[in-house]
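Coordinate inspection notes
Here are the chains, one letter per residue:
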Amino acid sequence: MNDRRYPDAVADAFPAPPIEFTDREDRTVEIRPYGGSEAAYESLVEMYDAFDPADRAQGIPPGGEKRIREWLDAILDDDCYNVIAWCGDDVAGHATLVPDGDAYELAIFVHQTYQRAGIGTHLIRGLLGHGQAEGVEKVWLTVERWNRAAVSLYKKIGFETSNAESFELEMGLRLHEDEGDDDAGETDA
């Protein structure tokens, strides 16, 4: 059992993919769930292989094609939820929810060519909508405390800081009531 804290309030509904939008660079982008196709897998490998090492945090995404494939094999597992931001045939970004006990850890990556165009916001909202549709109850993430843009984005989406005791902030979000919670408003007699 971990000691993570989550907000008492359930987050608002997020849009479930597919989602299409125009980014700040006037590019058409579509957020779609990862469907397991070989083409999508190879496109993810290509994006991560070209990922700027300066944008890596906490050792992910890993460097080198072999390590990228091993990592993707783990996070594209049936127990995980994944969405991809497509700009035409190119992967602009990828976000994943990986099971961790009674919650899911969120990780999001936007290729440097597509950063600062609003794709990350749509990508995370699409992932959370996908998670809500699949019944995910709680989500957590860690972010380097000096990454103000990311912290601001997560707060705007509804994440709350649950642990700030290290150089990273841990943040949590509740997507659904816990199955064990009494959400009918009844009291025990």
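Right above here is the structure, for reference.
Reference entry: report on the structure contained in this document. Here the structure is a predicted model, which means the values were calculated and not measured. Throughout this document, residue positions are counted from 1 along each chain, in the order its sequence is written. In keeping with the model being predicted, local features are shown solely for residues with a pLDDT of at least 70 and side-chain atom pairs are shown and tallied solely at 80 or more, while totals for entire chains, interfaces and linings include all residues. Hydrogen atoms and water are omitted, and side-chain values are computed over all heavy atoms in the structure.

So, about the sheet that holds strand 8 (residues 168-174). The sheet built from 8 strands is open, its strands ordered 1-2-3-4-5-6-8-7 with mixed pairing. Sheet topology places strand 1 (19-22) and strand 7 (160-163) at the edges, where each strand pairs with a single neighbour. Strand-to-strand twist across the sheet, computed as the mean angle between neighbouring axes with direction ignored, equals 25 degrees. Pairs of residues are marked as contacts when any of their non-hydrogen atoms sit within 4.5 Å. Lines are fitted to the C-alpha atoms to define the axes, a helix being fitted only along its stretch in contact, and any angle between axes, read from their N-to-C directions, falls within 0 to 180 degrees. Going along the chain from the N terminus, every DSSP run of H or I of four or more residues is numbered as a helix, and every run of E of two or more is numbered as a strand. Each of strand 3 (81-87), strand 4 (90-100) and strand 5 (103-110) touches helix 2 (residues 65-75); the most contacted strand, strand 4, lies at about 55 degrees to it. Helix 3 (residues 119-133) contacts strand 1, strand 2 (28-33), strand 3, strand 4, strand 5, strand 6 (138-144) and strand 8 of the sheet and is inclined by roughly 145 degrees relative to strand 3. Two strands qualify as a pair provided DSSP detects at least 2 bridges between them.

Here we take up the pairing of strand 7. By the bridge criterion, 3 bridges tie strand 7 to strand 8 in an arrangement that is antiparallel. Bridging across to strand 8, Glu-160 finds its partner in Gly-172. Between strand 7 and strand 8, which follow one another and run antiparallel, lie 4 residues.

Before going further, it helps to examine helix 1 (residues 38-49). In an α-helix, one turn spans 3.6 residues, which is why side chains three or four residues apart end up on the same side. The end-to-end C-alpha distance of helix 1 is 16 Å, a good match for the 16 Å that 12 residues give at a rise of 1.5 Å each. Partly exposed residues are those whose accessible area sits between 20% and 50% of the maximum for their type, while under 20% is buried and over 50% is exposed, using a 1.4 Å probe and protein chains only. Considered for burial, the residues of helix 1 that qualify are Ala-40, Tyr-41, Ser-43, Leu-44, Val-45, Met-47 and Tyr-48. Where the residues of helix 1 are buried, they touch helix 2, strand 3, strand 4 and strand 5. To estimate the expected span of a helix, subtract one from its residue number and multiply by 1.5 Å.

Secondary-structure assignment places Glu-168 in strand 8. Only four residue types enter the tally: Lys and Arg on the positive side, Asp and Glu on the negative side; His and the chain ends are excluded. Counted as salt bridges are all cases of a side-chain nitrogen of Lys or Arg within 4 Å of a carboxyl oxygen of Asp or Glu. One buried charge, Glu-168, has no salt-bridge partner; the nearest side chain with opposite charge is Arg-145, at 9.2 Å. With near-sequence residues (within four places) excluded, Glu-168 lies in contact with Gln-58, Thr-142, Val-143, Glu-144, Arg-145 and Asn-163.

In the structure shown here, the tally under the stated rule is 8 salt bridges. With a shortest N-O distance of 3.1 Å, Arg-32 and Glu-30 are connected by a salt bridge. With a relative accessible area of 23%, Glu-30 lands in the partly exposed category. The residue Arg-69 makes a salt bridge to Glu-42 at a minimum N-O spacing of 2.7 Å. Of the two residues, Arg-69 is situated in helix 2 and Glu-42 in helix 1; the sequence distance between them amounts to 27 residues. Among the residues examined, Arg-69 registers a relative accessible area of 22% and is labelled partly exposed.

What follows concerns the nonpolar core. Residue types Ala, Val, Leu, Ile, Met, Phe, Trp, Tyr and Cys, when buried and joined through side-chain atoms within 4.5 Å, form a set referred to as a nonpolar core. One finds Leu-106, Leu-128 and Phe-159 to be the most contacted residues of the largest nonpolar core, which totals 36 residues. Within the second largest apolar cluster, 18 residues are counted, among which are Ile-68, Ile-75, Ile-84 and Ala-107.

For the rest of this paragraph, the subject is the layout of surface pockets. Within this model, the largest pocket holds a volume of roughly 1100 Å³. Definitions used throughout: a 1 Å grid over protein atoms alone; a cavity as a set of points that fits a 1.4 Å probe which cannot get out; a pocket as an open set with protein on both sides within 12 Å along at least five of seven lines; a lining residue as one with an atom within 4 Å of a point. Around the largest pocket sit 36 residues that line it, and Ile-108, Phe-109, Asn-147, Ala-150 and Tyr-154 are the ones nearest its centre. Breaking the lining of the largest pocket down by element, the ones donating at least two residues are helix 2, strand 4, strand 5, helix 3, strand 6 and helix 4 (148-157). In terms of residues, the lining of the largest pocket owes the most to one element, strand 5, which gives 6 residues. When residues are sorted by character, Ala, Val, Leu, Ile, Met, Phe, Trp, Tyr, Cys and Pro go into the nonpolar class, Asp, Glu, Lys and Arg into the charged class, and all the rest, Gly among them, into the polar class. Taken together, the residues that form the lining of the largest pocket break down as 21 nonpolar, 8 polar and 7 charged. Grid points are joined across faces, edges and corners, and a volume is the space filled by probe spheres set on the points.

Limitation: the analysis is restricted to geometry and does not speak to function.
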